[in-house]
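Here is what each chain is made of, one letter per residue.
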Amino acid sequence: MPADLSPIDKAKFVAAKRATEFIETGMKVGLGTGSTAAWMVRCLAERIREEGLKVVGVPTSSRTAELARQVGVPITTLDEAKWLDLTIDGADEFDPNLALIKGGGAALLQEKIVATASDQMIVIADAAKEVAQLGAFPLPVEVIPFGWQTTKALIEETLVSLDVMNRDCSLRMNGAKPLITDESNYIIDLHLKRIGNPRQLALVLNQIPGVVENGLFIDICDIVVIGHGDGRVTVRDINQGSERDDFVEFKPSDNIFADME
Ligand code: 5RP
């Protein structure tokens, strides 16, 4: 295992580990994408191995599907599962209402479909993802490649009448070429700095022809599990208005690290 996980990785790990305690045998579980969600998939695999937990996962990206197969989490498609008990995923930012920015890993489309098809969505994040107001992290918008420059211009024009601080938009690249999502689309990142009205922005963006989906998750997430570098984990439930702190034991011998460099 990497003996010296950085405090940020420790925070991601403990959040992921605590969140897997919400998973019960028989559940159909949405498996998020990103570095925090990857810890969660590994922690879930450990519970499957050690407790014989019976679950099936629906991955939100090809990357997560590959990891799940590697570590032994049974997976199926959303069409097969139809409706899920729970989705656990990371986020790029979350605000006090648990509105989220997602899509830093370019998986926002499948992530939003899967989370919306779940009874509950739990976000796992390190404490740095908590913000008073969304927008410092660039908002990803998935667009169809056809006419993407026109779509980008329409997005920029639309932003003029909205409550945002900045309006620069950029096509996300993968080296010299546009990044291609799992659904064969492009991502345009909106560098807004501050989003005054996330609900309005989410609705308006999705009206623009060429926009497939945006990375604002409003009224989708119920619980956030926030990890800290010292092993402390805060579980905040927006519906119950509750918050509690726990400690997650961090054992360097955890065999979830066994196959990692
Ligand atoms: C992928 C996402 C991720 O959940 C988000 O980018 C957080 O990633 P990480 O856990 O690596 O910080 O939305 O599309």
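Below, the structure is looked at part by part. Bear in mind that the values here come from a model prediction, so they are computed numbers and not experimental data. (Residues numbered from 1 in each chain as written. Predicted model: local features only at pLDDT ≥ 70, side-chain atom pairs only at ≥ 80, totals over all residues. Heavy atoms only, no water.)

Quick notes on the pattern of salt bridges
Here is step 1: Tallying each qualifying case throughout the model produces 17 salt bridges.
Here is step 2: Lys112 is the salt-bridge partner of Glu213, the closest N and O atoms lying 2.9 Å from each other. Here Glu213, found in strand β12 (residues 211–214), pairs with Lys112, found in helix α5 (residues 108–116); they are 101 residues apart in sequence, far enough to count as distant.
Here is step 3: A residue is classified by how much of its surface remains accessible, and Glu213, at 14% relative accessible area, is buried.
Here is step 4: Using a relative accessible area of 11% as the deciding quantity, one classes Lys112 as buried.
Here is step 5: Residues joined by salt bridges that share partners form a network here, namely Arg18, Glu21, Arg244 and Asp246. (Salt bridge = Lys/Arg side-chain N within 4 Å of Asp/Glu carboxyl O. Helix = DSSP H or I, 4+ residues; strand = E, 2+ residues; numbered from the N terminus. Buried < 20%, exposed > 50% of the residue type's maximum accessible area, 1.4 Å probe, protein only.)

Details of the sheet that holds strand β11 (residues 186–191)
Here is step 1: The strand order across the open sheet formed by four strands is β8-β11-β7-β12, and the pairing between neighbours is antiparallel. In this open sheet, the two strands that pair with only one neighbour each are β8 (168–171) and β12. Neighbour-to-neighbour, the strand axes of the sheet open up by a mean angle of 25°, direction not taken into account.
Here is step 2: Sheet topology note: the β8/β11 ladder contains four bridges and is antiparallel. Within β11, the residue paired with Ser170 across the bridge is Asp189. (Pairing = 2+ DSSP bridges. Axes fitted to C-alpha atoms, helices over the stretch in contact; angles between N-to-C directions.)

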